[in-house]
Amino acid sequence: MSFGETPITLVGNLTDDPELKFTASGTALARFTIAVTPRTFDRASNQWKDGTTAFYRCAAWRTLAEHVAESLAKGSRVVAMGRMRQHDWTNDQGEKRSMLAVEIDDIGASVRFTTVQISSKRTDSGAPSGDPWNTGANRPEPGDEPPF
């Protein structure tokens, strides 16, 4: 993250399935919206109260974009970290427009209210693909007990 950028962490739910597109150069881009609703406990009524929901337009790039599109769906509860970005443009009528969006650096499923299963893509050696340091040489044999 560069100096002067605005970091943000969002905990909320996807409002729709992520939309995966590719740029003209072939770079993957996933766009999605995260709805964040604050909750407070009202001691007078002894109940939880929902606050005003905020909707954050988000974008993920490259491999992260593909993983988001393959792993997450409408309603998924996520924890996302990224940076606020301002986008400026001029519309067809010549009017200047701008909007804030979150460029996602990392995102994962929240396990606060549910469980998830994580799987990684592996090579024939058993090492996770994309991990040049893991040769799979220290994998336990089937039936071996872990050393702890």
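Attention here is on the structure that accompanies the text. Predicted model, so just to flag it, every value in this text is computed and none were measured.

This part is about the nonpolar core. The biggest cluster of nonpolar side chains holds 18 residues, and the ones touching the most others in it are L10, F32, I34, C58, V68, I104 and I107. Broken down by secondary-structure element, the contributors of at least two residues to this core are β1 (6-14), β3 (28-36), β6 (54-61), α1 (62-71), β7 (77-90) and β8 (96-109). Ignoring sequence-local partners within four residues, the contact set of I104 consists of F32, C58, A59, A60, L64, A80, M81 and G82.

A cluster of nonpolar side chains, namely V111, V116 and I118, defines an oily patch on the protein surface of about 320 Å² accessible area. The residue I118 is located in the segment after β8 in this model. On the basis of relative accessible area, I118 is assigned to the exposed category, the value being 80%.

Our next topic: the layout of surface pockets. Size it by volume and the largest pocket reaches roughly 670 Å³. If you go around the largest pocket, you meet 20 residues; those closest to its centre are H67, S71, Q117, I118 and S119. Elements supplying a minimum of two residues to the lining of the largest pocket: α1 and β8. Considering each element in turn, the lining of the largest pocket owes the most residues, five residues, to α1. Here the residues of the lining of the largest pocket are counted per class, giving seven nonpolar, nine polar and four charged. Of the pockets and cavities examined, the second largest pocket occupies roughly 310 Å³. T37, R39, R77, R112 and F113 are the residues nearest the centre of the second largest pocket, which is lined by 13 residues in total. Those elements that provide at least two residues to the lining of the second largest pocket are β1, β3 and β5 (47-50). When residues of the lining of the second largest pocket are assigned to their parent elements, the largest contribution, three residues, is made by β1. For the lining of the second largest pocket, a count of residues per class yields six nonpolar, three polar and four charged.

What counts, and at which threshold
- Residues numbered from 1 in each chain as written.
- Predicted model: local features only at pLDDT ≥ 70, side-chain atom pairs only at ≥ 80, totals over all residues.
- Heavy atoms only, no water.
- Core = buried A, V, L, I, M, F, W, Y, C linked by side-chain atoms within 4.5 Å.
- Buried < 20%, exposed > 50% of the residue type's maximum accessible area, 1.4 Å probe, protein only.
- Helix = DSSP H or I, 4+ residues; strand = E, 2+ residues; numbered from the N terminus.
- Contact = heavy atoms within 4.5 Å.
- Patch = residues over 30% accessible without salt bridge, like charges linked within 9 Å, V, L, I, M, F, W, Y side chains within 5 Å.
- Areas by Shrake-Rupley, 256 points an atom, 1.4 Å probe, with all protein chains shown as cover.
- Salt bridge = Lys/Arg side-chain N within 4 Å of Asp/Glu carboxyl O.
- 1 Å grid on protein atoms, 1.4 Å probe; cavity = no way out; pocket = protein on both sides within 12 Å on 5 of 7 lines; lining within 4 Å.
- Points joined across faces, edges and corners; volume = space filled by probe spheres on them.
- Nonpolar A, V, L, I, M, F, W, Y, C, P; charged D, E, K, R; others polar.

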